[in-house]
Amino acid sequence: MRIGAHLVDREVRLREFSLPLRSPLGTAKGEMTERRGLLVELRGELETGDEVRGVGEATPLPPWTEGYEECLATWVTLRDAANGTVSDGDENEVDIDGVPPAARHAMNLVGADASARYAKRPLAAWLADRTGDSGGSDAAAEVPVNATVGDGSVESTVEEAESAVVDGFDCLKLKAGARDLDADLDRCRAVREAVGDDVALRADANGAWSRDEAERAVDALAALDFEYVEQPLPADDHEGLAALRGRGVGIALDESVNGPNTWPDPVREFADVVVLKPMAQGGPTRTVSVARRLRAQGVTPVVTTTVDAVVARTAAVHAAAAIPNVPACGLATGDLLAEDLAADPVPVEDGRVRVPEGPGLAGDAFDRLVGDDSAGGGSAGGGSVGND
Ligand SMILES: O=C(O)CCC(=O)c1ccccc1C(=O)O
Ligand SMILES: [Mg+2]
């Protein structure tokens with residue numbers, strides 16, 4: 001296949017970016033300090049003469065997705081094939097099954113944004129139309145979100161939690177697993193005492209615990225009335241995860257289903273909640289259809305970013321809005337970035353995000369973001385790698 005194969009005069013352009021985090025996000029897998037990714041823009045004309053334009057983003061994060069270099073190399077190939085800047089022939093045909101998840105996310109998103117804009121529908125409504133039941137279903141106007149609280153001392157964890165509650169969040173997710181279990185449980189207990197009983201709490205261990213630790217954690221978190229614990233055990237310990245069910249706190253899967261691992265089957269026997277990261281699922285379209293299938297078997301889907309830039313974060317908000325009655329999602333990650341590529345069309349207010357009402361992602365808000373293409377020393381104009 002080729003991107004925009006049905007378009008005349010198509011042009012795909014890439015921009016590499018690198019965005020520092022405001023302060024490092026502490027997790028069981030180490031500290032995240034910056035996010036590197038690619039913006040993609042597709043322009044062309046339909047045979048009717050109508051102009052088509054779409055924007056996408058690939059912000060890879062191993063082990064959830066491929067690494068940056070593979071993602072970039074994939075997109076340089078996709079771009080050159082789409083633009084016809086290499087001689088016609090087999091090398092212009094890209095096998096879609098070989099496109100890794102973050103690169104595929106951008107592919108899905110440029111197409112979905114372009115299609116939704118052409119249909120004059122917000123992306124959320126377009127996604128709901130395409131993935132809904134026969135009658136279709138409306139997209140939500142707002143999505144509830146959780147605050148993301150990184151690893152830290154008891155004091156700094158409580159401080160961050162309290163400030164999130166002051167900002168209007170009624171659901172907090174605490175990163176855990178970076179320190180020993182008793183220290184983590186002290187943090188969780190201190191936050192519960194500080195925020196009271198009306199705030200929903202979640203913990204995310206990123207697969208750090210042993211079976212014994214996970215069992216102890218689950219019992220302690222149940223007593224603190226935590227809503228769920230995300231990935232208490234390594235991604236492939238399906239049996240261990242199943243054994244943690246029914247002890248008073250929900251079991252959520254993240255790494256088990258976002259990344260190279262095989263899903264436990266049937267997933268409802270292993271999880272109450274499944275976290276869907278569009279960047280790891282290969283795009284918003286697949287995210288919404290997987291979410292609807294999960295719902296149908298009684299598993300609760302939650303959408304989160306991989307701490308993406310504004311284009312993918314906005315897409316994730318649309319995807320979440322296309323899932324009926326989605327609970328609080330991990331989409332309040334824009335504030336973790338010290339800078340971003342554009343003004344935020346999906347700011348968090350009172351623990352909720354309003355879904356942009358313009359066509360596609362956010363009307364033409366992202367149309368100026370991809371300047372002259374210089375990514376990958378590309379054939380579309382040469383130049384060096386990077387623009388910052
Ligand atoms: O869910 C959230 O609150 C934010 C997203 C988040 O925690 C995250 C962000 C980047 C990579 C991994 C994760 C994770 O859920 O483990
Ligand atoms: Mg997680």
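Residues numbered from 1 in each chain as written. Chains lettered and ligands numbered in written order. Predicted model: local features only at pLDDT ≥ 70, side-chain atom pairs only at ≥ 80, totals over all residues. Heavy atoms only, no water.

The final tally for this structure, using the stated rule, is zero aromatic pairs. The side chain of Arg36 reaches across the aromatic face of Tyr68, ending 4.0 Å from its centre. (Phe/Tyr/Trp six-rings, centres within 6.5 Å; stacked < 30°, edge-to-face > 60°. Lys NZ or Arg CZ within 6 Å of the ring centre and 35° of its normal.)

Counting 96 residues, the largest nonpolar core has Leu123, Leu172, Phe226, Val311 and Leu331 as the members making the most contacts within it. No other element matches helix H10 (residues 310–321), which puts eight residues into this core. Residue contributions to this core reach at least three from each of two domains, namely domain 1 (8–120 + 367–377) and domain 2 (129–354). Among residues more than four places away in sequence, those in contact with Leu172 are Asn146, Ala147, Ala161, Ala164, Val165, Val191, Val195, Val199, Ala200, Leu201 and Arg202. (Core = buried A, V, L, I, M, F, W, Y, C linked by side-chain atoms within 4.5 Å. Buried < 20%, exposed > 50% of the residue type's maximum accessible area, 1.4 Å probe, protein only. Helix = DSSP H or I, 4+ residues; strand = E, 2+ residues; numbered from the N terminus. Domains from an automatic or database assignment. Contact = heavy atoms within 4.5 Å.)

Another point: the site of ligand 1. In the vicinity of ligand 1 there are 18 residues, among which Asn146, Thr148, Lys173, Asn206 and Lys277 approach most closely. Within the contact set of ligand 1, an oxygen atom lies 2.6 Å away from a side-chain nitrogen or oxygen of Thr148. Lys277 is positioned such that a nitrogen or oxygen atom in its side chain is 2.8 Å from an oxygen atom of ligand 1. For the shell around ligand 1, the residue count by class is four nonpolar, eight polar and six charged. Looking at the shell around ligand 1, you find at least three residues from each of domain 1 (8–120 + 367–377) and domain 2 (129–354). (Near = heavy atom within 4 Å. Polar contact = N/O pair within 3.5 Å; in protein donor to acceptor, adjacent residues only side chain to side chain. Nonpolar A, V, L, I, M, F, W, Y, C, P; charged D, E, K, R; others polar.)

What follows is about unusual backbone geometry. Residue Pro63 follows Pro62 across a cis peptide bond; omega there is 5 degrees. Position of Pro63 relative to the elements: it lies in the loop between strand S3 (51–58) and helix H1 (68–83). With an omega of -5 degrees, the peptide bond running from Asp265 to Pro266 counts as cis. Structurally, the position occupied by Pro266 is in the loop between strand S9 (250–253) and strand S10 (273–276).

What follows concerns the UniProt feature "active site" (unreviewed entry) in the protein. With numbering aligned to this structure, UniProt lists the feature "active site" (unreviewed entry) at Lys175 and Lys277. Setting aside its immediate chain neighbours within four residues, Lys175 contacts Gly26, Thr27, Val149, Gly150, Asp151, Arg187, Asp204 and Asn206. Counting through the fold element by element, Lys277 comes out in the loop between S10 and helix H8 (278–281). Residue Lys277 is classed as buried on the basis of its relative accessible area of 6%. Those residues in contact with Lys277 that sit more than four places away from it in its chain are Trp64, Asp254, Asn258, Thr304, Thr305 and Thr306. (UniProt positions renumbered as here; feature names shortened; annotations may be inferred.)

This part takes up a negative patch on the surface. Taken together, Asp9, Glu45, Asp50 and Glu51 make up a surface patch of like negative charges. Counting through the fold element by element, Glu51 comes out in strand S3. (Patch = residues over 30% accessible without salt bridge, like charges linked within 9 Å, V, L, I, M, F, W, Y side chains within 5 Å. Areas by Shrake-Rupley, 256 points an atom, 1.4 Å probe, with all protein chains shown as cover. Salt bridge = Lys/Arg side-chain N within 4 Å of Asp/Glu carboxyl O. Lys, Arg positive; Asp, Glu negative; His and termini not counted. Charge placed at Lys NZ, Arg CZ, Asp CG, Glu CD.)

Strand order in the open sheet formed by three strands is S1-S2-S3, and the pairing between neighbours is antiparallel. Two strands lie at the open edges of the sheet, namely strand S1 (8–27) and S3, each paired on one side alone. Geometrically, the sheet is characterised by an average inter-axis angle of 15 degrees between neighbouring strands, direction not taken into account. Sheet topology places S1 next to strand S2 (residues 30–45); 14 bridges connect them, and they run antiparallel. Bridged to Glu16 within S2 is Leu38. Along the sheet, helix H2 (residues 101–118) makes contact with S2 and S3, crossing S3 at roughly 150 degrees. Sitting on the sheet, H10 is in contact with S2 and S3, with an inclination near 100 degrees to S3. (Pairing = 2+ DSSP bridges. Axes fitted to C-alpha atoms, helices over the stretch in contact; angles between N-to-C directions.)

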